[in-house]
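# Structure assessment
Now for the letters of each chain:
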Amino acid sequence: MNNNDLINWINKLIEDNELWKFYKSKEFRHLKEEVLREQHYECQECKKLGKITKADTVHHIQHVRKHPSLALSKYYTYEGKQYINLIAVCKSCHNKLHPEKSTIKKPKLIIVTGLPGAGKTTYVKKRLRNNLVYDLDYIVDAITYSNPSLEAITVANRLLTKFIEEAMKLKNINIYVIRSSPNQNERELFDRYQADYVEIEEDIEVCKSRRTISDEEFTRIAYKHKQYLASKEKNEDKYKERW
């Protein structure tokens, strides 16, 4: 597997939330066994403390998610010097090296934006699993038996804040909110919970062909979305960690 293929493969696994497939692959399993053997099945972290503990896995110094090109590399080079990238570790030390993998995780708020028909709901459904979703269209359908009205939309919108407040009290889940164009008050709400933003980009003509709303309504929403994107770009320095 060449480097470009490796990077593309790892990035696709990350996007699909299936990075575990890399660790089960024959390429990594063979490399893992080779590293364990070379390091005498001894935990390198425990050895720093003067203890000899059996190692049963290997740890990437340069994490796979951030450096997919090094996923199958024993070493990496920085400023002209070579450093070890894979070290043998015991389970306890590996958990300490990856606190983000704790069995109890804080919920993550993810805001999915885009034009009507862009594929926002499809994007979320592919990642749903044990997660929660606020989708205005589905909520309105649920409280009106698919007979939407302005009153129903108003009520559904008022549920957003409470939904996020209650959902953020849970553990081990992602919380998706689908909004075409979050307004300023909504963005302030989302930012209080350090939300990630995902923009689903699609050609506007494709979106129009998929729409289930009138031309007038589509034009109105598309205009608001354009304003939203302009506002996002204006504040890119403030939001550069999360946009």
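Keep in mind that what you see is a predicted model, and the values were worked out from it rather than measured. (Residues numbered from 1 in each chain as written. Predicted model: local features only at pLDDT ≥ 70, side-chain atom pairs only at ≥ 80, totals over all residues. Heavy atoms only, no water.)

## Observations regarding the overall build of the chain
What the chain contains, in helices and strands, is twelve helices and eight strands. Expected size for 243 residues packed as a compact globule is a radius of gyration near 18 Å; at 23 Å, the chain overshoots this value by more than 25%. Taken along its principal axes, the extent of the C-alpha atoms in the chain is 70 × 35 × 35 Å. Considering only residue pairs separated by 6 or more positions, the chain has 69% of its internal contacts joining residues 24 or more positions apart. A distance of 6 Å separates the average location of the 44 positive side-chain charges in the chain from that of its 35 negative side-chain charges. (Helix = DSSP H or I, 4+ residues; strand = E, 2+ residues; numbered from the N terminus. Rg over C-alpha atoms; globule rule 2.2 N^0.38 Å. Contact = heavy atoms within 4.5 Å. Lys, Arg positive; Asp, Glu negative; His and termini not counted. Charge placed at Lys NZ, Arg CZ, Asp CG, Glu CD.)

## Focus on the pairing of strand E4 (residues 86–89)
Burial along E4 is two-sided: Leu-86 and Ala-88 and Ile-87 and Val-89, pointing in opposite directions, are all buried. Strand direction decides the pairing type here: strand E1 (residues 57–60) and E4, joined by four bridges, are antiparallel. Bridge pairing in E4 links Thr-57 to Val-89. (Buried < 20%, exposed > 50% of the residue type's maximum accessible area, 1.4 Å probe, protein only. Pairing = 2+ DSSP bridges.)

## Observations concerning the sheet that holds strand E8 (residues 196–199)
The strand order across the open sheet built from four strands is E6-E7-E5-E8, with neighbouring strands paired in parallel fashion. Edge positions in the open sheet fall to strand E6 (132–135) and E8, since each of these has one partner strand only. This sheet shows a mean twist of 20° between the axes of neighbouring strands, independent of strand direction. Bridging between strand E5 (residues 108–113) and strand E7 (residues 174–178) involves five bridges; their strand directions are parallel. In the strand pairing of E7, Lys-108 is matched with Asn-174. Lying on the sheet, helix H8 (residues 150–167) is in contact with E5, E6 and E7; it crosses E6 at an angle near 165°. (Axes fitted to C-alpha atoms, helices over the stretch in contact; angles between N-to-C directions.)

## Re the nonpolar core
Membership of the largest hydrophobic core comes to 21 residues, with the highest contact counts inside it found for Ile-10, Phe-22 and Cys-43. Looking at this core, the elements with two or more residues in it are helix H1 (3–15), helix H3 (26–38) and E4. Those residues in contact with Cys-43 that lie beyond four places of it in its chain are Thr-53, Lys-54, Ala-55, Ala-88, Val-89, Cys-90 and Cys-93. Among the nonpolar cores identified, the runner-up in size contains 20 residues, and Val-140, Ala-156, Val-177 and Tyr-197 belong to it. (Core = buried A, V, L, I, M, F, W, Y, C linked by side-chain atoms within 4.5 Å.)

## Brief notes about the pattern of salt bridges
Per the stated rule, a full pass over the model turns up 14 salt bridges. Bridged by salt links that share partners, the residues Glu-34, Glu-38 and Lys-74 form one connected network. (Salt bridge = Lys/Arg side-chain N within 4 Å of Asp/Glu carboxyl O.)

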